[in-house]
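Residues per chain, in single letters:
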Amino acid sequence: MSVAGLKKQLHKASQLLNEKINGVEGTKLDEDFIRMEKKFEITQKLILDLVPKTTEYLQPNPAYRAKLSMLNTVSRIRGQVKTVGYPQTEGMLGDCMLRYGSELGIESAFGCALVDMGQALKQMAQIRDCLDVRVKHSFIDPLQTLQDKELKEIMYHLRKLEGRRLDFDYKKRRKGKIADSEIKQALEKFEESKELAERSMFNLLHSDVEQMQQLLGLVDAALDYHRQSSLVLENVRSSLQNRITDASNRPKQDFRSKSIASTMCYTDIYGFSTCSSVRSSDTEVTDALSEKNVTPVVHTLNQTPVKPQISEHPAYKNGNDFHLDQPCCRAIYNFKPENQGELGFKEGDFIILTNQIDENWYEGLLSGESGFFPISYVKVLVPLPQ
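Residues numbered from 1 in each chain as written. Predicted model: local features only at pLDDT ≥ 70, side-chain atom pairs only at ≥ 80, totals over all residues. Heavy atoms only, no water.

S.K.: What is the right way to look at the packing of helix α2 (residues 31–58) against helix α6 (residues 180–205) in this model?
M.R.: Two quantities define a packed helix pair, namely the angle between the axes and the distance from one axis to the other. Where α2 meets α6, the axes come as close as 10 Å, and the angle between the chain directions of the two elements is 55°. Considering their axes alone, α2 and α6 lie oblique with respect to each other. In the packing of α2 onto α6, the handedness of the crossing is left-handed. In contact with Phe33, Met36, Glu37, Lys39, Phe40 and Thr43 of α2, α6 contributes Lys194, Ala197, Glu198, Met201, Phe202, Leu204 and Leu205. (Axes fitted to C-alpha atoms, helices over the stretch in contact; angles between N-to-C directions. Helix = DSSP H or I, 4+ residues; strand = E, 2+ residues; numbered from the N terminus. Parallel < 35°, antiparallel > 145°, perpendicular 65-115°, else oblique. Left-handed = near helix turned anticlockwise from the far one by under 90°. Contact = heavy atoms within 4.5 Å.)

Spelled out as C-alpha cells, the structure:
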C-alpha cells in the first residue's frame, strides 16, 4: 500500500471513530437510497436463508447431506462427473418391502401386496429424484448465481461508498487544512460510488419478474411431483383392493391338526409303502384300479408278489407324483376354475387330497399345481385322515 493509500485509511478510521464516539454527524444519504439499501439487506438475508432451507426441504436428513457433500467433493477432486444421489426415504422403505415380500413368496397374498407397494415406493423415489434435479435447476441455481454475482457486486459498491463517504467527511471537517481541490475530488468519488451502488440495487429490486418466475418453477416442480405421486398411489391402491377382494373370496380354510402318528409310514414285508392314515376299504381301491385298467397285487404263499403297473396309471401320464397309498380322489366331472386359487381338472383326473376346507371344498394337487375344488365334482378313493 502506498503512503497516500495508508494516509487515506487513517483519515477514514479517524472519521469513523469521531462519528461513533464523539457523535460527529456524517453526510446523510437521501431517503430513497436508505429505503433501497434496507430492501437490499432484506433481499440478501432472504436469499442467504432461502437456498439452504430449500435444500433441507428436498433433502431432510442433515447426516446424508453432509455425506453427499463430502462424496461429491471427492468426486470433483478425482475428476469424476457423476454425483452421488440422495437416498430418498421412499426408496429405502420400498427396498425393505420388496425384500420381505420376495421372501414371503408369491403364495402369500400379503407378500404380493408388499411387492406391489415396494415397487410403487421405488417409483415415488425416482419421481422425488426428478423433483430434486428440477428444483435445483430452476430455483436453487438461479438464486445461488444471484448471491454469488449481483449481491456480492452490490456489497462491494456499498463498502466502497462507505469508505469514500468517510474520506469526504474527514476532508470536509478539516476544511482549511486540506485543499479545496482534494475535497472536491473526494466528493466526486463519493457521488460516483453512490450512483453505482444505487443503480445496482435498483436493478436488483426491480427484477421481481425473474424472481417470481423462479418461484413459479419451484411450484411447478412440486405440483408435478405430487401429481405423479398421486397417480402411483392410486394405482397401487387399486391393486391392493383387488388383492383384498380376491383373498376375501377364497374359501375359508379350517385348521386341522395332524398328529405325528397319522403321518407315519412303514414298509411291509413285501416292500410296499403303507401309511397309517390310509383308511379306505380294499374294495374301493380295487374298483378304482379296475376302472383305469391297473393290475391289482395278488399275493399267494407260493408266488412272488407282483407290483401293479403304476407307471401306466393315468395320474402318472398327467405328470403327477401319485400313489394310491395317500389320500386321493378321481374327478367325475370337468371343473373350470373361476376364481384365483381354484384348481381346474378334467373328468377322470386323479387328484391328491391335501386338506378339506369345509363341507363343500377340498384342497388338492394335480400336475404339481395346488388349489381348491368342489367336493361334489370328485369321487374320494382314499379319504383324508380324520
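Having seen the structure, we can now continue with the description.
S.K.: I tried to follow the nonpolar core on my own but got confused; where do I start?
M.R.: Generally speaking, soluble globular proteins have nonpolar side chains that are buried together. Core analysis: the biggest nonpolar cluster contains 38 residues, and Phe33, Phe40, Val135, Leu158, Leu161 and Met201 have the highest contact counts within it. Only α2, α5 (109–173), α6 and α7 (208–249) provide two or more residues apiece to this core. The residues contacting Met201, other than those within four sequence positions of it, are Phe33, Met36, Glu37, Phe40, Ile154 and Leu158. Counting 13 residues, the second largest nonpolar core, distinct from the first, contains Cys329, Leu343, Phe345 and Phe373. (Core = buried A, V, L, I, M, F, W, Y, C linked by side-chain atoms within 4.5 Å. Buried < 20%, exposed > 50% of the residue type's maximum accessible area, 1.4 Å probe, protein only.)

S.K.: For this particular structure, what's the right way to read the pairing of strand β5 (residues 361–366)?
M.R.: Remember that side chains alternate between the two faces of the sheet whenever the strand is regular. By the bridge criterion, four bridges tie strand β4 (residues 350–356) to β5 in an arrangement that is antiparallel. Bridge pairing in β5 links Asn355 to Glu363. Linkage of β4 to β5, two consecutive antiparallel strands, is achieved through a turn of four residues. Bridge count for β5 against strand β6 (residues 369–374) is six bridges, and the pairing is antiparallel. Bridge pairing in β6 links Trp361 to Pro374. Counted along the chain from β5 to the antiparallel partner β6, the turn is two residues long, and its residue Ser367 has a positive phi close to 55°. (Pairing = 2+ DSSP bridges.)

S.K.: Quick question: what am I supposed to make of the packing of aromatic side chains here?
M.R.: What describes a pair of aromatic rings is the distance from one ring centre to the other and the angle between the planes of the rings. With the rule as written, the count across this model stands at six aromatic pairs. Ring geometry for Tyr333 and Tyr377: centres 5.9 Å apart, planes at 80°, overall edge-to-face. Taken together, the residues span a long stretch of sequence, with Tyr333 in the loop between β3 (328–331) and β4 and Tyr377 in the loop between β6 and β7 (378–382) at a distance of 44 residues. Owing to a relative accessible area of 28%, Tyr377 belongs among the partly exposed residues under this scheme. Measuring from centroid to centroid gives 6.1 Å for Tyr362 and Phe373, while their planes differ by 55°, and the two rings are tilted. Placement of Tyr362 in strand β5 and of Phe373 in strand β6 is noted, with a sequence separation of eleven residues between them. Residue classification places Tyr362 among the buried residues on the basis of a relative accessible area of 9%. Three or more aromatic residues link up through ring pairs in this structure, and these residues are Tyr333, Phe335, Phe345, Tyr362, Phe373 and Tyr377. The ring of Tyr225 is capped by Arg128, whose NZ or CZ atom sits 5.4 Å from the centre of that ring. (Phe/Tyr/Trp six-rings, centres within 6.5 Å; stacked < 30°, edge-to-face > 60°. Lys NZ or Arg CZ within 6 Å of the ring centre and 35° of its normal.)

S.K.: Sorry, what's going on with the sheet that holds β4 here?
M.R.: One key point about sheets: their strands pair by backbone hydrogen bonds, in either a parallel or an antiparallel sense. Reading across from one edge, β6-β5-β4-β3-β7 is the order of the five strands in this open sheet, with antiparallel pairing throughout. The outermost strands of the open sheet, each flanked by one partner alone, are β6 and β7. Here the strands of the sheet are splayed against their neighbours by 40° on average, with no regard to which way each runs. Taken together, the four bridges between β3 and β7 define a ladder with antiparallel strand orientation. Across the sheet, residue Ala331 finds its bridge partner in β7, namely Val378.

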